[in-house]
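# A closer look at the structure
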Amino acid sequence: MSDDGQYGLTIIAFLGSVFSPYYKKSGRGDPLNHACLNVAMYGPNQRWVMTERPSTAVTRDAANLQIGPSAVRWDGNCLEIDIEERDKRLFIPSGRRVTGTVRVHPEALNPTSFTLDRGKHHVWHCMAPRARIEVDMKRPGTSWSGKGYFDHNRGSEPLEDGFRIWHWSRAHMKRGAIVCYEGERTDGSLFASAIRFNAEAIPTEVDLPPIAALPNSGWRIERRTRSEIGVAEVRKTWEDTPFYARSELSSQLEGEDVIAVQESLDMQRFSTRLVQWMLPYRMPRARK
């Protein structure tokens, strides 16, 4: 999020695009053949790109990842993302270019990962609970700096095999950050945790604040978060889709008034025939 509150940005590099209808139809046997860089820009000059590419367009080593014309690099201190994509969504007539560079500077790195299910099929690693971000976009022409976050998920089974619903939120504190994760697994069991990261990014599990109900999204996705007073407010809905919502919230944690980014995911909705039919219009697949 930008320091002035005008802009939001999410970038996800997928190796095995978990929401891809092409990957799902293929049987998910070759993740590198279904790679993409998803860039979602919120605020003035909004853009959204998620073009899937085959394995011939992917190269990688320990510090570099190339997906088509876009690239991600880690130099030991900074994550640099070069974006060269096009907004190809339905009803975007010209395939607008989305071009620029984003730099993420972690304040500290956390070495600990967490499993989200008993079988350890799904792993979450919050590598940088706090970071500074620099955005320098040429198309659209936008430059800003703000607060960032950097994490990683990996799994050995499809998300819809492990989870029905989950809710996630992250808030910067005066020192450190708090991440709340909760949801329902496909076996009906519930999970929930709140993890406090100190200024050195060391994680500690803390007591869960009370549930704070939120209004459903426009697509009727149930949203939920945590707040010490049991009340939170949706400031902005960044992303509103038939199975996923991403929002900016205000709430209270550990006695502080905070601004949080929150996500709600409904994998039962994702698996429906209607949603699978709609997805190619939002995430096209390139031949090379």
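Above this text sits the structure in question.
A brief structural summary. Given the structure is predicted, the values throughout are model-derived calculations rather than measurements.

Once that is clear, we can look at the packing of aromatic side chains. This model, assessed by the stated rule, comprises 13 aromatic pairs. Centroid distance Tyr 42 to Trp 238: 5.0 Å. Interplanar angle 20 degrees. Geometry classified as stacked. Pair noted here: Tyr 42 is in strand 2 (residues 35–42) and Trp 238 is in strand 18 (residues 233–240), with a separation of 196 residues, a long-range link. Taking the relative accessible area as the measure of exposure, Tyr 42 reaches 5% and is therefore buried. On the basis of an interplanar angle of 75 degrees and a centroid distance of 5.0 Å, the ring pair of Trp 124 and Tyr 181 is categorised as edge-to-face. Of this pair, Trp 124 sits in strand 10 (residues 122–139) while Tyr 181 sits in strand 13 (residues 177–185), placing them 57 residues apart in sequence.

Take the pattern of salt bridges next. Here the idea is simple: oppositely charged side chains can pair when their charged atoms come close. Summed over all chains, the structure comprises 22 salt bridges. Here Arg 130 and Glu 107 are joined by a salt bridge, their closest N and O atoms 2.9 Å apart. Of this pair, Arg 130 sits in strand 10 while Glu 107 sits in the loop between strand 8 (96–106) and strand 9 (114–115), placing them 23 residues apart in sequence. Across the pair Arg 164 and Glu 184 runs a salt bridge, and its minimum N-O distance is 2.7 Å. Pair noted here: Arg 164 is in strand 12 (residues 163–172) and Glu 184 is in strand 13, with a separation of 20 residues, a long-range link. Owing to a relative accessible area of 23%, Glu 184 belongs among the partly exposed residues under this scheme.

Bringing the pairing of strand 5 (residues 64–67) into the picture now. The alternating pattern of strand 5 places Leu 65 and Ile 67 on a buried face, while none of Asn 64 and Gln 66, on the opposite face, is buried. One ladder, built from 3 bridges, connects strand 4 (residues 58–60) with strand 5; its direction is antiparallel. When the bridges of strand 5 are listed, Val 58 appears paired with Ile 67. Counting the residues between successive antiparallel strands, the hairpin from strand 4 to strand 5 contains 3 residues.

How each quantity is defined
Residues numbered from 1 in each chain as written. Predicted model: local features only at pLDDT ≥ 70, side-chain atom pairs only at ≥ 80, totals over all residues. Heavy atoms only, no water. Phe/Tyr/Trp six-rings, centres within 6.5 Å; stacked < 30°, edge-to-face > 60°. Helix = DSSP H or I, 4+ residues; strand = E, 2+ residues; numbered from the N terminus. Buried < 20%, exposed > 50% of the residue type's maximum accessible area, 1.4 Å probe, protein only. Salt bridge = Lys/Arg side-chain N within 4 Å of Asp/Glu carboxyl O. Pairing = 2+ DSSP bridges.

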